[in-house]
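These are the residues of each chain, in order.
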Amino acid sequence: MINSTLKQLSEGLAKAEFTSAELTDAYLQRIAATDGDLNAFITVTADQARAEAKEADALRAQGKAGPLTGIPIAHKDIFCTQGVRTSCGSKMLDNFTAPYESTVTDKLRTAGMVMLGKTNLDEFAMGSSTESSFYGPTRNPWNTEVIPGGSSGGSAAAVAAGQAPVATGTDTGGSIRQPAALCNLTGLKPTYGRVSRWGMIAYGSSLDQGGPIARTAEDAALLLNGMAGFDHKDSTSKDIAVPDYTADLDKPLDGLRIGLPEEYFGEGLNSDIAARVEAGVKELEKLGATVKRISLPRTRLSIPAYYIIAPAEASTNLSRYDGVRYGYRCEAPKDLLDMYTRTRAEGFGEEVKRRIMIGTYALSAGYYDAYYNKAQQLRRLIKDDFQSAFAEVDVIAGPTTPSPAWKLGDKSNDPVSMYLEDIYTLSVNLAGLPGMSVPCGQVDGLPVGLQLIGNYFAEAQLLNVAHQYQQVTDWHQQTPAFG
């Protein structure tokens, strides 16, 4: 069961081939047997999971089950879950038990899903490798000597290793798509505002977006059906009708216009990844799509723009962690200033402190116009590039990452090198567009992903393209020899 898709498990539950209680126990046993080597979970909620599975089985017996009822799920430990530790992978929140439920986790629980636990992540979602976590790095089940990607690395590793059929993630600059690519999964970052951010602890408020991590596009569509929708509690949530994301999965791709940005296939891209991506695009051509070379000329500006805007927003969002109200507090402070400074110095890790300092500097008097305001202007130009492209094409395709997963520790002392790994994903967040990654092959035995980018609220179209691609390829069906 543990390597089945969400759709297969949903059908098995409907046919009474097994119960949610049996399914949940299978995943809990898998976690217990393998997570010592993987470190994908920060908290495992076994008792709660069994209770929720029992409730799901009761609903099914009453004829009240939906497609997600009784399906286990893992949540990135950045979503608040009432009564359960929500740590953000940080010492600062190691003792924080959320007093309320995030909208995303609440919607999925209402749909009958069973929470297995909370997954590891880069501290406060700041990273591309899950190495900055206070709880230690997560390892990639395809090769435990390499990183699983980040910041949603725990969620991706858990699904890839068969510890959960699906998981939630968040994407501020590629943190769903990049780990999905490096772990051979399908990951979708929806349009900004499509999924509620309420109860999702903020990193970059204008960039963060929750989304699904799954084995297939069909599974991602089913999970997004449960996650998406307007939320009056979230001022950034868009009040736009939510379609059934599974409705058009089988739509033919005849006439689909795919754009290939020349900037995505230049210097810095591993040549073998380029070949896998181009092979994937050829499969889409066989399905009826036409391909056109396009240009996104400001792509190179996405990293400098992002690493001003995101740290600036992080500096503001993380100012609340001061030892006064909740979270970590230093021992025996001498006075208020000592409590503030030592609490933050001791509670935050190196990468978080680095980004807070960058952001604070960029927002300071005399530098705001030179850095933050200029970065926002670049952001608009990046958005304009995409809109010009979408006047000519329907979907943009390219690599998700410039290289396969690297060895643990290889980039830990070179933050700029790690930042460059997000070159193809950051601009999507800056523009607020939807993007997803689907498995398209392997390089040196490690998975790589094909990235698909759509226009605003075009998630259904992206899922359709990805699903059709997965009907004629089998990369997504391959699983690691782990555990």
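Let me sum up the structure you'll find in this document.

Reading the values: the criteria
- Residues numbered from 1 in each chain as written.
- Predicted model: local features only at pLDDT ≥ 70, side-chain atom pairs only at ≥ 80, totals over all residues.
- Heavy atoms only, no water.
- Buried < 20%, exposed > 50% of the residue type's maximum accessible area, 1.4 Å probe, protein only.
- Helix = DSSP H or I, 4+ residues; strand = E, 2+ residues; numbered from the N terminus.
- Pairing = 2+ DSSP bridges.
- Core = buried A, V, L, I, M, F, W, Y, C linked by side-chain atoms within 4.5 Å.
- Contact = heavy atoms within 4.5 Å.
- Salt bridge = Lys/Arg side-chain N within 4 Å of Asp/Glu carboxyl O.
- Patch = residues over 30% accessible without salt bridge, like charges linked within 9 Å, V, L, I, M, F, W, Y side chains within 5 Å.
- Areas by Shrake-Rupley, 256 points an atom, 1.4 Å probe, with all protein chains shown as cover.
- Axes fitted to C-alpha atoms, helices over the stretch in contact; angles between N-to-C directions.
- Parallel < 35°, antiparallel > 145°, perpendicular 65-115°, else oblique.
- Left-handed = near helix turned anticlockwise from the far one by under 90°.
- Nonpolar A, V, L, I, M, F, W, Y, C, P; charged D, E, K, R; others polar.
- Phe/Tyr/Trp six-rings, centres within 6.5 Å; stacked < 30°, edge-to-face > 60°.
- Lys NZ or Arg CZ within 6 Å of the ring centre and 35° of its normal.

1. With respect to the pairing of strand E4 (residues 167-170)
Side chains Ala 167 and Gly 169 project from E4 onto one buried face, and the interleaved Thr 168 and Thr 170 project onto a second face that is buried too. One ladder, built from four bridges, connects E4 with strand E6 (residues 210-214); its direction is antiparallel. From the neighbouring strand, Thr 168 faces E6, where its bridge partner is Pro 212.

2. A few points about the nonpolar core
One finds Phe 124, Phe 386, Ile 396, Leu 452 and Leu 463 to be the most contacted residues of the largest nonpolar core, which totals 139 residues. When residues of this core are assigned to their parent elements, the largest contribution, nine residues, is made by helix H9 (residues 302-317). Among residues more than four places away in sequence, those in contact with Phe 124 are Cys 88, Ser 90, Met 92, Leu 93, Ile 201, Tyr 203, Leu 318, Tyr 321, Phe 348 and Val 352.

3. Examining unusual backbone geometry
Residues Gly 150 and Ser 151 are joined by a peptide bond in cis, for which omega reads 5°. Along the polypeptide, Ser 151 turns up in the loop between strand E3 (114-119) and helix H5 (153-160). Positive phi, normally seen in glycine, also occurs at Cys 88, with a value near 55°.

4. With respect to the pattern of salt bridges
Summed over all chains, the structure comprises 19 salt bridges. Residues Glu 351 and Arg 355 are paired through a salt bridge, measuring 2.6 Å at the closest nitrogen-oxygen approach. Placement of both Glu 351 and Arg 355 in helix H11 (residues 350-363) is noted, with a separation of four residues, approximately one turn of the helix. Using a relative accessible area of 14% as the deciding quantity, one classes Glu 351 as buried. What makes Arg 355 buried here is its relative accessible area of 3%. With a shortest N-O distance of 3.1 Å, Asp 384 and Arg 380 are connected by a salt bridge. A residue pair is termed a helical-turn pair when its members lie 3 or 4 positions apart in one helix, as Asp 384 and Arg 380 do in helix H12 (residues 368-390) at four residues. According to the relative accessible area criterion, Asp 384 is partly exposed, its value standing at 32%. Its relative accessible area of 51% is what places Arg 380 among the exposed residues.

5. Points about a nonpolar patch on the surface
A cluster of nonpolar side chains, namely Val 324, Leu 336, Leu 337 and Tyr 340, defines an oily patch on the protein surface of about 370 Å² accessible area. For Tyr 340, the location among the structural elements is in helix H10 (residues 336-347).

6. Side note on helix H4 (residues 103-110)
Those residues of H4 that sit buried are Thr 103, Val 104, Thr 105 and Leu 108. Immediately downstream of H4, the backbone of Gly 112 shows phi near 100°, a positive value.

7. Details of the packing of helix H2 (residues 20-38) against helix H3 (residues 46-61)
H3 packs onto H2 with a crossing angle of 155° between their chain directions and a minimal axis gap of 8 Å. On the basis of the axis angle, H2 is roughly antiparallel to H3. Between H2 and H3 the crossing geometry is right-handed. Of the residues in H3, those in contact with Ser 20, Ala 21, Thr 24, Asp 25 and Leu 28 of H2 are Ala 46, Ala 49, Arg 50, Ala 53, Ala 56 and Asp 57. Here the contact of H2 with H3 is built from residues that sort into six nonpolar, two polar and three charged.

8. Thoughts on the packing of aromatic side chains
Within the structure shown, the criterion is met by 14 aromatic pairs. Centroid distance Tyr 306 to Tyr 307: 4.8 Å. Interplanar angle 80°. Geometry classified as edge-to-face. Grouping residues by exposure puts Tyr 306 and Tyr 307 together as buried. Chaining the aromatic ring pairs together yields one cluster made of Phe 96, Phe 124, Tyr 321, Tyr 326 and Phe 348. The ring centre of Trp 198 lies 4.1 Å from the NZ or CZ of Lys 233, which sits over that ring.

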